[in-house]
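Spelled out, the chains give:
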Protein chains: 2
Amino acid sequence: MNIALDVMGGDNAPKEIIAGAVDAARVYGVTVSLVGPPDVIRAELADHSTAGLDLPIVPAEQIIEMGEKPVHAVRNKPNSSIVVATKMVRTGDAQAFVTAGNTGAALTAGTLYVGRVRGILRPALVIPFPTLKGFCAVLDIGANADTKPEHMQQFGVMGSIYAQHVMNVERPIVRLLSNGEEVGKGNQLILNAYTLLQRTRSINFQGNVESIEVMEGLADVVVTDGFTGNIFIKTSEGVAKMLQVVMKEELTRGPVSTLGAFLAQSGLRRVRARLDDSQYGGAILLGLKKPVIVTHGRSKANAIRHAIRVAKQAIEQDLSRRIQQGVTESIDLDQTALMPVSN
Amino acid sequence: MNIALDVMGGDNAPKEIIAGAVDAARVYGVTVSLVGPPDVIRAELADHSTAGLDLPIVPAEQIIEMGEKPVHAVRNKPNSSIVVATKMVRTGDAQAFVTAGNTGAALTAGTLYVGRVRGILRPALVIPFPTLKGFCAVLDIGANADTKPEHMQQFGVMGSIYAQHVMNVERPIVRLLSNGEEVGKGNQLILNAYTLLQRTRSINFQGNVESIEVMEGLADVVVTDGFTGNIFIKTSEGVAKMLQVVMKEELTRGPVSTLGAFLAQSGLRRVRARLDDSQYGGAILLGLKKPVIVTHGRSKANAIRHAIRVAKQAIEQDLSRRIQQGVTESIDLDQTALMPVSN
């Protein structure tokens, strides 16, 4: 199994990316193709002991920066790590692609070179989001800035398949993120997506859900448009980060609190562990023919290692084929379901 | 000063609403008109000592429930507490209106009976949101499900005036909530709103902001559409609530952690206090001729008391007139600014 890794993507490239690759190759026994400038990669690898690990270097001299316009960048940088790596997946030289780089460029190159599953209108980024009861799948968290109701219907189908086969939920409860749980809540996009999801007999759609209920664990799959989903995820991260700062400030104010915090440190460490998203392994771009994993731009070695683990699992579980199958079945089941609703 | 209070609004009506009114009348020395069914109000007041307090009962026998369709409810329940109270503001019998009830109905009745400030296309709900540096004003957090770019331009102007006169920020930094800070990030609505806000010379617009940066305090005013703003606020609440549950679970696991948490309890109490939104006094519906304050549906007495304080301050600071003035000036300054951009 060969996983192509974008060595130059993300805020901590190349050092942390390569450290994560070395860990993953050792722990999971996979081949990780290091795609990027060979000189840079060789210099970084010199800091690690890599004896017995399969870490081939695949040259790619260009770099797509975080702020670049995706379509333009992919078109104009054919020798970038993102383009070279996705082409490896296209030709079958690699079975999956992992990047912490420009999400839009990964989506563009993934769609262009890996290719969409037949019938899928738009791929969507899905992550496992921690709730009080476990995890729920949230999608789309940012593959699409502008989303149509018929895309969101497919997100419901893909999310349901993901929850079944990756999260092992038998009949996943699918809900639509809205500004109220009642029917009729939402903007026009949500109202139209609601209508389509309700008609989709292959999934267990249970109506709207508010953010607070998502965290209480009332949904296995949360469908949202890519813009709102991105705000949802980043707001969650922001609040968690802010609370850690506030706790540090308040718990070290005065000697008794400080002593208490010291004694409670194993508990506080468990709290931090439950907030740590590096172990979730990043987002899978669902709807492509092969797994494409996009991790956070601030990913360090641990997050990269887990992203490679997720890629390995997606390959083993044949997730893309299951999506293909599920979407075909859902189209067969719901002859009218994919008829567009004007937005 | 007479503030009309919807006694029947919210999950904890009428008990907590009336308790908050009694507190507010005592602490702030204002008249609070209790609008609702007289029998219910009298029964609740019997539990309080109200000697010397000015708490007139204003009969309103109908109740608009939380789940009712706003326009339909306001039209069909002329004797509801929300309609009766907003009509009191219209006639000048009261100077402001406070409710923990159906937000949409409060907006509808407020727009219909209190009336919009001349030039304002859509009122917007604004709240002070806690950041690591203090507070920022976020609007719209849910008055409008479907928002147009020209509405969001006005949210920028109104938010800036609110930050100046309520939060005492001299030249507030206005930013647009998006899925990335770079220019060009966002869905079509955000891109069009960006263009209009950038042209608005009366405000200090500094581009996009991500949720995480909002919490770091990089904006004084955060402009967002009502749907996204609602998701932002509710996600923040949800994460804060979830973390409190997680902390309780983890800090009481094992005797050492439990002792530590006990010693750190004053610090933990300060953390909770910083998360407690009942002291913020709810959201002001900006853009109406008189203050309309909408607090959380789960408001208890303390939140109601603070909402009445916010209403009192808004009256004293003549916030609605300042908005009127500011919008007029901004229209004069930016002759082209209010030209619609197609969305």
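As the structure is a computational prediction, the values presented were derived from the model and not from experiment.

When you go through chain A residue by residue, the secondary structure sums to 13 helices and 11 strands. Each principal axis of the C-alpha distribution contributes one length, and for chain A these read about 60 × 60 × 35 Å. Each of the 343 residues in chain A was classed as buried or not, and the buried ones make up 58%. Within chain A, contacts between residues at least 6 apart in sequence are counted, and of these 72% link residues at least 24 apart. When the 35 basic and 33 acidic side-chain charges of chain A are each reduced to a single mean position, those positions are 1 Å apart.

Quick look at the interface of chain B and chain A now. Contacts between chain B and chain A engage 57 residues on the former and 57 residues on the latter. E216 of chain A serves as the salt-bridge partner of K241 of chain B, at 3.1 Å between the closest nitrogen and oxygen. At the junction of chain B with chain A, the criterion picks out 10 residue pairs in polar contact (both at pLDDT 80 or more). In terms of residues, the side of chain B that touches chain A owes the most to one element, helix α9 (residues 226–251) of chain B, which gives 21 residues. Among the residues forming the side of chain B that touches chain A, the class breakdown is 26 nonpolar, 18 polar and 13 charged.

All names here are of chain A. Alternating positions in strand β10 (residues 283–286) separate into two faces, A283 and L285 on one and I284 and L286 on the other, with burial throughout. For β10 and strand β11 (residues 292–294), the ladder comprises 2 bridges, and the chain directions are antiparallel. Within β11, the residue paired with I284 across the bridge is I293. Taken together, β10 and the strand that follows it, β11, pair antiparallel across an intervening segment of 5 residues, in which G287 is found at a positive phi of about 105 degrees.

Residue and element names in this part refer to chain B. Strand order in the open sheet formed by 11 strands is β3-β2-β1-β4-β11-β10-β5-β6-β9-β7-β8, and the pairing between neighbours is mixed. Edge positions in the open sheet fall to β3 (57–59) and β8 (204–209), since each of these has one partner strand only. In this sheet, adjacent strand axes meet at a mean angle of 30 degrees when their direction is disregarded. The pairing of strand β7 (residues 173–177) with strand β9 (residues 221–223) spans 3 bridges and is parallel. Residue pairing in the sheet places L176 in a bridge with V223 of β9.

This part covers the sheet that holds β11 of chain A. All names here are of chain A. Across the sheet, 11 strands lie side by side as β3-β2-β1-β4-β11-β10-β5-β6-β9-β7-β8; this open sheet has mixed pairing. Strands with a single pairing partner mark the edges of an open sheet, and in this sheet they are β3 (57–59) and β8 (204–209). In this sheet, neighbouring strand axes are inclined to one another by 30 degrees on average, regardless of whether the strands run parallel or antiparallel.

Turning our attention to helix α6 (residues 149–165) of chain A. Across its 17 residues, α6 of chain A extends 25 Å between first and last C-alpha, which sits within 8% of the 24 Å expected from 1.5 Å per residue. Of all 17 residues making up α6 of chain A, 15 are buried, and the element is well covered by its neighbours.

For the rest of this paragraph, the subject is the environment of I127 of chain A. All names here are of chain A. Counting through the fold element by element, I127 comes out in strand β5 (residues 124–130). Distance from I127 to V138, taken between C-alpha atoms, is 5.6 Å for residues 11 residues apart in sequence. With residues up to four places along the chain from it excluded, the contact list for I127 reads C136, A137, V138, I141, Y162, I233, G282 and A283.

Residues and elements named next belong to chain A. Two numbers describe how α6 lies on helix α7 (residues 188–199): the axes approach to 8 Å, and their chain directions differ by 50 degrees. As far as their axial angle goes, α7 and α6 are oblique. Between α6 and α7 the crossing geometry is right-handed. Between α6 and α7, the contacting residues are P149, E150, M152, Q153 and G156 on the first element and L189, I190, N192, A193, L196 and L197 on the second. Here the contact of α6 with α7 is built from residues that sort into 7 nonpolar, 3 polar and 1 charged.

Another point: the pairing of strand β5 (residues 124–130) of chain B. Residues and elements named next belong to chain B. Burial analysis of β5 places 7 of its 7 residues in the buried class, the great majority of the element. Covered by surrounding structure in β5 are A124, V126, P128 and P130 together with L125, I127 and F129, the residues of both alternating faces. Bridge count for β5 against strand β10 (residues 283–286) is 3 bridges, and the pairing is antiparallel. When the sheet's bridge partners are listed, L125 is paired in β10 with L285. Pairing of β5 with strand β6 (residues 135–139) involves 5 bridges; the strand directions are antiparallel.

Take unusual backbone geometry next. A13 of chain B connects to P14 of chain B through a cis peptide bond whose omega is -5 degrees. The topology assignment puts P14 of chain B in the loop between β1 (2–6) and α1 (15–28). In this structure, D140 of chain B follows L139 of chain B across a cis peptide bond, with omega equal to 0 degrees. In this model, N168 of chain A sits at a positive phi of 60 degrees, which is unusual for a non-glycine residue. Overall, N168 of chain A belongs to the exposed group, its relative accessible area being 65%.

On to the packing of aromatic side chains. All names here are of chain B. Following the criterion strictly, the structure yields 4 aromatic pairs over all chains and no others. Centre to centre, the rings of Y194 and F205 are 5.2 Å apart; their planes meet at 80 degrees, and the pair counts as edge-to-face. Taken together, the residues span a long stretch of sequence, with Y194 in helix α7 (residues 188–199) and F205 in strand β8 at a distance of 11 residues. Take Y194: its relative accessible area is 12%, and that puts it in the buried class. The buried category is assigned to F205, whose relative accessible area is 15%.

If you trace the backbone, T235 of chain A turns up in helix α9 (residues 226–251). Judged by relative accessible area, T235 of chain A falls into the buried class, the value being 1%. Beyond its immediate sequence surroundings of up to four residues, T235 of chain A is in contact with S211, M215, F232, T235 and S236 of chain B.

All names here are of chain A. Evaluated as defined, the whole model comprises 18 salt bridges over all chains. The partner of E44 in a salt bridge is K15, and the shortest N-O contact between them spans 3.4 Å. Here the residue E44 occupies a position in helix α2 (residues 38–45), and K15 occupies one in helix α1 (residues 15–28), the gap between them amounting to 29 residues. Looking at E44, the relative accessible area reads 13%, which means it is buried. Assessed through its relative accessible area of 45%, K15 is described here as partly exposed. Salt bridges sharing common partners tie together K15, E44 and D47.

Turning our eyes to something else, we now look at the relation of the copies chain B and chain A. Overlaying chain B on chain A yields an RMSD of 0.0 Å, the required transformation being a rotation through 180 degrees with an accompanying axial translation of 0.0 Å. With respect to symmetry, the two chain copies, as superposed, fit the operation of a two-fold axis. When C-alpha positions in chain B are compared against the rotation axis, the closest is assigned to G260 of chain B, at 1.8 Å. When the interface residues of chain B are mapped onto chain A, 100% of them again fall at the interface, so both copies present the same face.

Basis of the calculations
Residues numbered from 1 in each chain as written. Chains lettered and ligands numbered in written order. Predicted model: local features only at pLDDT ≥ 70, side-chain atom pairs only at ≥ 80, totals over all residues. Heavy atoms only, no water. Helix = DSSP H or I, 4+ residues; strand = E, 2+ residues; numbered from the N terminus. Buried < 20%, exposed > 50% of the residue type's maximum accessible area, 1.4 Å probe, protein only. Contact = heavy atoms within 4.5 Å. Lys, Arg positive; Asp, Glu negative; His and termini not counted. Charge placed at Lys NZ, Arg CZ, Asp CG, Glu CD. Salt bridge = Lys/Arg side-chain N within 4 Å of Asp/Glu carboxyl O. Polar contact = N/O pair within 3.5 Å; in protein donor to acceptor, adjacent residues only side chain to side chain. Nonpolar A, V, L, I, M, F, W, Y, C, P; charged D, E, K, R; others polar. Pairing = 2+ DSSP bridges. Axes fitted to C-alpha atoms, helices over the stretch in contact; angles between N-to-C directions. Expected span 1.5 Å × (residues − 1). Parallel < 35°, antiparallel > 145°, perpendicular 65-115°, else oblique. Left-handed = near helix turned anticlockwise from the far one by under 90°. Phe/Tyr/Trp six-rings, centres within 6.5 Å; stacked < 30°, edge-to-face > 60°. Least-squares fit on C-alpha atoms with pLDDT ≥ 70 in both.

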